[in-house]
Amino acid sequence: MKGSDVTVSNVSKSFGTFSALKDVSLDIHKGEFFSLLGPSGCGKTTLLRAIAGFEDPDSGVIGIDGTDVSGLPPDKRHCNTVFQSYALFPHLSVFENVAFPLRIKKTPKKLIGELVLKHLALVQLEAHANKKPNQLSGGQKQRVAIARALINEPSVLLLDEPLSALDAKLRQHMLMELDSIHDKVGITFIYVTHDQQEALSVSDRIAVMNAGQVLQVGSPQQIYENPATEFVARFIGEANVFKGEVLSRSGTLNVMNAEGFGEMLVDDETPVDVGDTIIVTIRPEKIRISDDKPSGRELNVVRGVVEEPIYSGFQTKYVVRADSGARITIFRQHANWSEGIPDIAWKDEVFLSFAARDLVIVEKNAR
Amino acid sequence: MKRNYGMAYATPQALWLTVFFAAPLLIIIAYSFLRKGLYGGVEPQLSFQAYVDMANPTLLTVAVRTLWVSLAATIITILIALPCGYSIARSKNQAIRLFLVIVPFWTNFLVRIYAWIAILGNEGFVNQALRLIGFRPEGFQFLYNQGAVILVLVYMYLPYAILPLFSTIDKFDFNLLEAARDLGATKMQSYLRVMLPNIKGGVVTAVLFTFIPIFGAYAVPLLIGGKDSYMLGNVIADQVTKTRNWPLASAISMTVTLLTAVSVFLFALKKPKEQHIEKDIDPLGSSSPKLDAPQGSGSVPAGGH
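Residue numbers here run from 1 along each chain, matching the order of that chain's written sequence. Here chains are named by letter from A upward and ligands by number from 1 upward, in the order in which they appear as written. With pLDDT at 70 or above as the cut-off, local features in this predicted model cover only qualifying residues; side-chain atom pairs require 80 or more to be listed or tallied, and sums for whole chains, interfaces and linings still use all residues.

1. Quick look at the overall build of chain A
To keep things clear, this is the line we draw: Runs of H or I in DSSP of at least four residues are treated as helices and runs of E of at least two as strands, each being numbered from the N terminus. Residue burial here comes from a neighbour count, namely the number of other C-beta atoms, placed from the backbone, that lie within 10 Å of the residue's own C-beta, with 20 or more meaning buried, 12 or fewer meaning exposed, and in between meaning partly exposed. We call two residues in contact when their backbone-placed C-beta atoms lie within 7 Å.
For chain A, the count of helices and strands is 8 helices and 20 strands. For chain A, the C-alpha atoms occupy an extent of roughly 75 × 50 × 40 Å along the three principal directions. Residues classed as buried in chain A amount to 44% of the 367 residues present. Counted over contacts in chain A with a minimum sequence separation of 6, partners at least 24 positions apart contribute 67%.

Structure follows, in structure tokens:
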């Protein structure tokens, strides 16, 4: 595997009174596609800039392949950045933009030609070598920025929200392309984004950040299916969140008194004690919506009224007001019509059911 | 029908320029081809004597000196103005700093020259201070030489260079400097290879705004310079007021104007050499791709002639 390990140990950084990073530690593995995901202002870009060498951490150590890089200027670090604004040099052609790092290194001219062509081919821009950046579309500029960042053959590529300036369709396309570039070059990618879809679809692992802290590190599945905190559950995808006191527990099966719901069966390995106040979540697609009352073992069932049906082609999102008061979101896939899906409409009375094991305890001893 | 008032708007300016710019210029041209009057003025008689008189070794010496003093002062001014403009553009309180650059304009030009005499003169502040800390009591001769003239010229024209440089640097995307650093450039390389080519327009303007007035300088060499610091402006003034050879003064003026105009024209119109790569790039890279892109370093604006 090419690429480098990146270790972030107890890094803190403040700007005036604002602390952007609070004692952040991360282990990023060789060749990994690693995402830093969080809302704006969560410190993800500051962390990326610290790895690149643009910010000096107030404390803590950043190591690349086990070597402490603190104090090394950006030009001495073996990582390159794809900037959010592309930062292409407007006075240079596409060719010269990509050749820039080689010219700085005084690479022989002939080799420059070969390498630049190779990297332009990687991003499918061979035909545009002579153009100036202002003659390119957003997606093309992005590709130039990627080719330019890769030409020095860095061991780590840092991507700072590289797709945020592109429209939705193009973003999807570029994302897949980034993924295939990652497969081809095999180096470590550290990808900063606030878009959970982007992070989920391409990352090997994701670090979810908020307010300068890393809340959870894990594979996309782990993050989505087993969020570590309420924030992670709410930030990634949609989540129904219930809070209540544990009434009884046998094995991993708990009975809780969920606010706005009533007694709820929760099957989760997290050890809790009777009397603890816990927060649990369930993903909307794991809840079944039906006309008639379903029954089953370890099944939570509640009756409610559809407040908002939102049709979006491949699925319908329902917001249901349970008779007990909670507002619950349900996604229902339109897999096939032969199932004879009843037409559930606004103000219909419905039953919602979900299995105890699909609930996840995200916080215990909540206030 | 749409009425076009363009002419109406342009007429006052056109009149102004005709009366106060074109007409005097024409008069000077005409004077240079007339015969010299005995006590100044001209005789209405065609003569090329003025242009013959110009071929004079003393005048040539002054012309060469004027050129090098102007070039030296311009280069020093730009070199000081670049970091100034940069720091103003990057500072949080631009308004205050710009204000400080403009403040000297509130004081009369001549007063500011005399201020320098008060600073650098034999009994000036600097000499008094040096005497206090034990340097030779007779003081140093700072004034009345070429160096002093260049120093004061730089001081006088610095704001004219800082302002255009500031306004282009202010529009410069500083992310590009970070990108350059990220791609392996040192701090200096990122300024020279990324910032400088992108603020070329401002540099050209700053050079024009300083070189042209310095080339025609009169008061500074007269008051600050010694007898070896005479510049063309002083020669012209002497021809009008002392030697009373108006045709010669006109001829020198015309030549200077013409030379300045031509060199400015060449300098300002000089297009940056277009980077070009051979058009037919073979995407699959046949054995030897003919990709001899010229070195990207021809980017520093060449000086005027």
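2. So, the overall build of chain B
Across its full length, chain B holds 13 helices and 2 strands. Taking all 305 residues of chain B together, the buried fraction comes to 29%. Sequence separation of at least 24 residues holds for 69% of the intrachain contacts in chain B that already meet a minimum separation of 6.

3. What to know about the environment of B:L26
Considering the arrangement of structural elements, one finds B:L26 in helix α1 (residues 6–32). Residue B:L26 is classed as exposed on the basis of its C-beta count, with 11 C-beta atoms lying within 10 Å.

4. A word on the interface of chain A and chain B
To be explicit about the condition: Throughout, the ten residues Ala, Val, Leu, Ile, Met, Phe, Trp, Tyr, Cys and Pro are labelled nonpolar, Asp, Glu, Lys and Arg are labelled charged, and all others, Gly among them, are labelled polar.
Each partner contributes to the interface: chain A provides 34 residues, whereas chain B provides 25 residues. Those elements giving two or more residues to the side of chain A that touches chain B turn out to be β6 (79–82), α2 (94–105) and α3 (109–122) of chain A. Broken down by element, the side of chain A that touches chain B gets its largest block of residues, 8 residues, from α2(A). Among the residues making up the side of chain A that touches chain B, the classes are represented as 18 nonpolar, 8 polar and 8 charged.

5. Focus: the packing of α1(B) against helix α13 (residues 246–269) of chain B
Residue and element names in this part refer to chain B. Heads up, the rule is: Orientation is described by lines fitted to C-alpha atoms, with helices fitted over the stretch in contact, and by angles between N-to-C directions that extend from 0 to 180 degrees. In what follows, roughly perpendicular refers to angles from 65 to 115 degrees, roughly parallel to angles under 35, roughly antiparallel to angles over 145, and oblique to any angle outside these ranges. By convention the crossing between two helices is left-handed if the near helix lies anticlockwise of the far one by an angle smaller than a right angle, and right-handed if it lies clockwise.
Running from N to C, α1 and α13 point in directions that differ by 120°, and their axes come no closer than 7 Å. One finds that α1 runs oblique with respect to α13. Here α1 runs over α13; the crossing is left-handed. Contact residues: I28, I29, Y31 and S32 in α1; W246, P247, S250, A251, S253 and M254 in α13. Tallied by class, the residues present in the contact of α1 with α13 amount to 7 nonpolar, 3 polar and no charged.

6. Details of the environment of A:S295
As for its placement among the helices and strands, A:S295 is situated in the loop between β15 (288–290) and β16 (299–311). For A:S295, a count of 8 C-beta atoms within 10 Å translates into the label exposed.

7. Some details on the sheet that holds strand β4 (residues 59–64) of chain A
Residue and element names in this part refer to chain A. We count it as follows: Two strands qualify as a pair provided DSSP detects at least 2 bridges between them.
As summarised here, the arrangement of the 4 strands in space is β2-β1-β4-β5, forming an open sheet in which the pairing is antiparallel. Here the strands that pair on one side only, and so sit at the sheet edges, are β2 (18–28) and β5 (67–68). As defined by bridge partners, strand β1 (residues 6–15) adjoins β2 across 7 bridges and the pair is classed as antiparallel. Among the inter-strand pairings, T7 is bridged to a residue of β2, identified as D27. The sheet strands contacting helix α1 (residues 44–52) are β1, β2 and β4, and the helix crosses β1 at an angle near 115°.

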